[in-house]
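Here is how the chains run, residue by residue.
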Amino acid sequence: MRQIPINQAKSIIKQLLKVKRQQKISLLTNKKDRSLTIIVNDGEVTVKEQGYVNDTNILLRVLLNMN
């Protein structure tokens, strides 16, 4: 697995929010015990955090102001 700078990760996430079909990306920490998974599916964004805190948040693209 290769490491990427935080600015590149932010850019990838912004591009992911613009797609119309279902897309999924998982970001891991250096320790590999924590991850952030972002799933975009036709206007709905699901963010899953696993590791220190296990949490799932569902957001609508309208709330993100990403029409």
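Let me sum up the structure you'll find in this document.

Calculation rules
- Residues numbered from 1 in each chain as written.
- Predicted model: local features only at pLDDT ≥ 70, side-chain atom pairs only at ≥ 80, totals over all residues.
- Heavy atoms only, no water.
- Helix = DSSP H or I, 4+ residues; strand = E, 2+ residues; numbered from the N terminus.
- Buried < 20%, exposed > 50% of the residue type's maximum accessible area, 1.4 Å probe, protein only.
- Expected span 1.5 Å × (residues − 1).
- Arc of directions from axis to C-beta.
- Pairing = 2+ DSSP bridges.

Remarks on the side chain of T46
Position of T46 relative to the elements: it lies in strand β3 (residues 44-50). A relative accessible area of 11% places T46 in the buried class.

As for helix α1 (residues 6-17)
Given 3.6 residues per helical turn, the α-helix brings residues three or four places apart onto the same face. Taking 1.5 Å of rise per residue, the 12 residues of α1 would be expected to cover 16 Å, and the 17 Å separating its terminal C-alpha atoms lies within 8% of that figure. Inspection of α1 places A9, L16 and L17 among the buried residues, and these make up the whole buried set. The buried residues of α1 occupy one face: seen down the axis, they fall within an arc of 95°. Those residues of α1 that are exposed and angled more than 90 degrees off the buried face are N7, K14 and Q15.

Quick word on the pairing of strand β4 (residues 55-60)
As paired strands, β3 and β4 are joined by 6 bridges and run antiparallel to one another. Across the sheet, E49 pairs through a bridge with D55, a residue of β4.

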